[in-house]
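# Commentary on secondary and tertiary structure
In case you want the letters, here they are:
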Amino acid sequence: MANSDDEELEALQVALVRYQVDAIAQGRRDLVVFEGRDTAGKDGAIKRINEYLSVRNTRVVALPKPTERERSQWYFQRYVAHLPAAGELVILNRSWYNRGGVEPVMGFCTPEQNAVFLDETPVFERMLIGDGVRMVKLWLDISRKEQATRLEARKTDPLKTLKISPLDAVAQEKWDDYSRARDEMLSRTHSAESPWVIVHTDKKARARTAIMRHLLHALAPAEVAKSVPKPDPDVLYTFDTAAFSDGRLER
């Protein structure tokens, strides 16, 4: 017999299918950005979201490190090719925000390049939204203790071997550096038209439910969204600078 969590997951996935039927018919261009620390649960959340969606109209984009040629281009250039066309949902599993987090922390870009990125990103996103792209930005936040537990599990579970990254080795060591980069990125790239939404992910099932609820309220037509409960505000909330000091963001 299915439990209540399974029943809600199925109901949310049905609602996502209904959302996409409408989005395809209306020619919507939808873009969802998943960002967060290593092990925060991006892959699992994305899998639940797109499990029953149209393969032709849904694309999950997880770009590898840039080539030499791409490194010589305008930073946003390689992402532009993956933006949604009419009737498409594109989910970025990490995005141009690499330059706001991983790259400056790991020394993969210069401080000057990071500064240019933080200046240009709000302008770039404003152009996308002004052209009709509907955009949702999610920051998946995880506690230091839970990240350590999940990193250790990757070492011992053979089914998680493909999740192991060279960056895992320094995720805990550079925790404070990542926190500072995150705070700068959130404060500089959050806006009314392109807000960041924070998701607490220590409890994976609750986080996934909250994310799916939020996407439906943000993107689905009213007749679909009205039947979906609002996300738990203790799990998912719109970013504001008070989160830096009131305990809502992991330090």
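Please refer to the structure higher up on the page.
First things first, this report covers the structure right here in the doc.

Definitions and cut-offs
Residues numbered from 1 in each chain as written. Predicted model: local features only at pLDDT ≥ 70, side-chain atom pairs only at ≥ 80, totals over all residues. Heavy atoms only, no water. Helix = DSSP H or I, 4+ residues; strand = E, 2+ residues; numbered from the N terminus. Buried < 20%, exposed > 50% of the residue type's maximum accessible area, 1.4 Å probe, protein only. Areas by Shrake-Rupley, 256 points an atom, 1.4 Å probe, with all protein chains shown as cover. Pairing = 2+ DSSP bridges. Axes fitted to C-alpha atoms, helices over the stretch in contact; angles between N-to-C directions. Contact = heavy atoms within 4.5 Å. Core = buried A, V, L, I, M, F, W, Y, C linked by side-chain atoms within 4.5 Å. 1 Å grid on protein atoms, 1.4 Å probe; cavity = no way out; pocket = protein on both sides within 12 Å on 5 of 7 lines; lining within 4 Å. Points joined across faces, edges and corners; volume = space filled by probe spheres on them. Nonpolar A, V, L, I, M, F, W, Y, C, P; charged D, E, K, R; others polar.

### A few points about the overall build of the protein
Across its full length, the protein carries 11 helices and 6 strands. The burial tally for the protein puts 47% of its 251 residues in the buried class. Element-wise, carbon and sulfur atoms account for 54% of the exposed surface of the protein, whose accessible area totals about 13000 Å².

### Some thoughts on the sheet that holds strand 1 (residues 29-36)
Spatial strand order, 2-3-1-4-5-6: 6 strands in an open sheet with mixed pairing. Edge positions in the open sheet fall to strand 2 (58-61) and strand 6 (236-238), since each of these has one partner strand only. Direction aside, the axes of adjacent strands within the sheet are offset by 20 degrees on average. Relative to strand 5 (residues 196-200), strand 4 (residues 133-141) runs parallel, the two being bridged by 5 bridges. By the bridge assignment, W139 is partnered in strand 5 with I198. The sheet strands contacting helix 2 (residues 42-50) are strand 1, strand 2, strand 3 (88-93) and strand 4, and the helix crosses strand 1 at an angle near 155 degrees.

### Thoughts on the nonpolar core
Among the nonpolar cores identified, the biggest contains 32 residues, and V32, F34, I49, L138, I211 and L216 are the most heavily contacted of them. Elements represented by at least two residues in this core include exactly helix 1 (4-26), strand 1, helix 2, strand 3, strand 4, strand 5 and helix 10 (204-219). When residues of this core are assigned to their parent elements, the largest contribution, 7 residues, is made by helix 10. Setting aside residues no more than four positions away along its own chain, F34 makes contact with K42, A45, I46, I49, I91, L92, N93, R94, L138, L140 and I211.

### Focus on empty space enclosed by the protein
Under the counting rule described, the total for this entry stands at 4 cavities of 30 Å³ or more. Around the largest cavity sit 16 residues that line it, and G36, R37, V102, W139 and Y178 are the ones nearest its centre. Within the residue set of the lining of the largest cavity, elements represented by two or more residues are strand 1 and helix 9 (175-189). Per-element accounting of the lining of the largest cavity gives the leading share, 3 residues, to helix 9. Taken together, the residues of the lining of the largest cavity break down into 6 nonpolar, 5 polar and 5 charged.

### Comments concerning the environment of L159
Note on placement: L159 falls in the loop between helix 7 (144-156) and helix 8 (168-171). Taking relative accessible area as the criterion, L159 reaches 80% and is therefore assigned exposed. Considered as a pair, L159 and K145 are 14 residues apart in the sequence and their alpha carbons are 22 Å apart.

### Looking at the layout of surface pockets
Using a probe with the size of a water molecule, rolled over the atoms, empty space left in the structure can be pinpointed. In this model, the largest pocket occupies a volume close to 1500 Å³. L63, N93, R94, N98 and L167 are the residues nearest the centre of the largest pocket, which is lined by 47 residues in total. Breaking the lining of the largest pocket down by element, the ones donating at least two residues are helix 2, helix 3 (68-71), helix 4 (77-80), helix 5 (102-106), helix 6 (111-130), helix 7 and helix 10. When grouped by side-chain class, the residues that make up the lining of the largest pocket number 17 nonpolar, 9 polar and 21 charged. In this model, the second largest pocket occupies a volume close to 210 Å³. Taken together, D5, D6, E8, L9, L12, R48, A205, R206, R208, T209 and M212 form the lining of the second largest pocket. Listing elements by their share of the lining of the second largest pocket, those giving two or more residues are helix 1 and helix 10. For the lining of the second largest pocket, the per-class residue count stands at 4 nonpolar, 1 polar and 6 charged.

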